[in-house]
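Structure assessment
So you can see what is in the structure, the chains are spelled out below.
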Amino acid sequence: MATAKQIAANGANSKKSTGAKSTAGKQIVSQNRVTHGLCGKFHVLACESQENYEALLAGFMEAEQPANPAEVECVVRMAKHTWLANRALRMQDFSFEIVSRTEQQKEAGIQPVALNPIPLQHAMRYHSLHDRAYQRACREMIERRKQRQLAEIGFERKKQAEAEVSRREELQPYKLERAKTVVALDKVR
């Protein structure tokens, strides 16, 4: 339990604390709590390459060829969750630590490995989470593309039907004239 004197000192000290003032300082402070970056707002970590992420995103954009903003959003989510799933896989790799061998282990050809199970469990959970999120975004992208193609096909069929009706209407006077000619020829015979 804090004493009244400690509470007063804490209050006085808190008034002295102003926090970061510059934009760069605020950016640095905003990352204080980031431990693994597998949840929360997405960003490329300092230990990762922003250029590699942008290349991944550009590759997805080129491969998927999104046609509208909704499809672009699906592709961005696919790239983001691929990036995060790969980050989780790297975390899984770091959960295992090679331990120095004893003489008996060297002779037997054994390499002991230490395992930190808590980060491994987290990494596995986040990997499956981001893998499922990628699958959802991919399914949504496929469904949107399918709906767009069906709409285009329907539009094309409608245009073809309208063109056929228009062509028939244009041929109608010629058919009437031909019918009159045939009737006149039959009367002459």
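So, a few notes on the structure that sits alongside this text. Quantities reported herein were computed from a predicted structural model and do not represent experimental measurements. (Residues numbered from 1 in each chain as written. Predicted model: local features only at pLDDT ≥ 70, side-chain atom pairs only at ≥ 80, totals over all residues. Heavy atoms only, no water.)

Details of the overall build of the chain
Looking only at helices and strands, one finds six helices and two strands in the chain. Order of helices (α) and strands (β) in the chain, N terminus to C terminus: α-α-α-α-β-α-β-α. Computed over the C-alpha atoms, the radius of gyration of the chain is 34 Å, more than 25% above the 16 Å expected from 2.2 N^0.38 for a compact globule of 189 residues. Overall size of the chain, expressed as C-alpha extent along the three principal axes, is 125 × 65 × 30 Å. (Helix = DSSP H or I, 4+ residues; strand = E, 2+ residues; numbered from the N terminus. Rg over C-alpha atoms; globule rule 2.2 N^0.38 Å.)

A word on the environment of Glu-48
The topology assignment puts Glu-48 in the loop between α2 (23-30) and α3 (50-64). Overall, the relative accessible area of 13% leaves Glu-48 in the buried class. In this view, Glu-48 contacts Trp-83, Arg-87 and Arg-90; residues no more than four positions away in its chain are not counted. In this structure the side chain of Glu-48 is engaged in a polar contact, spanning 3.1 Å, whose partner is the side chain of Trp-83. Side-chain polar atoms of Glu-48 contact the side chain of Arg-90, separated by 2.5 Å. (Buried < 20%, exposed > 50% of the residue type's maximum accessible area, 1.4 Å probe, protein only. Contact = heavy atoms within 4.5 Å. Polar contact = N/O pair within 3.5 Å; in protein donor to acceptor, adjacent residues only side chain to side chain.)

Quick word on the side chain of His-81
Considering the arrangement of structural elements, one finds His-81 in helix α4 (residues 69-94). Overall, His-81 belongs to the buried group, its relative accessible area being 11%. Not counting residues within four places of it along the chain, the set of residues in contact with His-81 comprises His-130, Ala-133 and Tyr-134.

Quick word on the packing of α3 against α4
At their nearest, the axes of α3 and α4 sit 9 Å apart, and the two run at 135 degrees to each other. One way to sum up the angle between α3 and α4 is to call them oblique. Crossing of α3 against α4: the hand is right-handed. Contact with α3, carried on its side by Asn-52, Tyr-53, Leu-56, Leu-57, Phe-60, Met-61 and Glu-64, involves Val-72, Val-75, Val-76, Met-78, Ala-79, Lys-80, Thr-82 and Trp-83 of α4 and no other residues of that element. Of the residues assigned to the contact of α3 with α4, the class counts are 11 nonpolar, two polar and two charged. (Axes fitted to C-alpha atoms, helices over the stretch in contact; angles between N-to-C directions. Parallel < 35°, antiparallel > 145°, perpendicular 65-115°, else oblique. Left-handed = near helix turned anticlockwise from the far one by under 90°. Nonpolar A, V, L, I, M, F, W, Y, C, P; charged D, E, K, R; others polar.)

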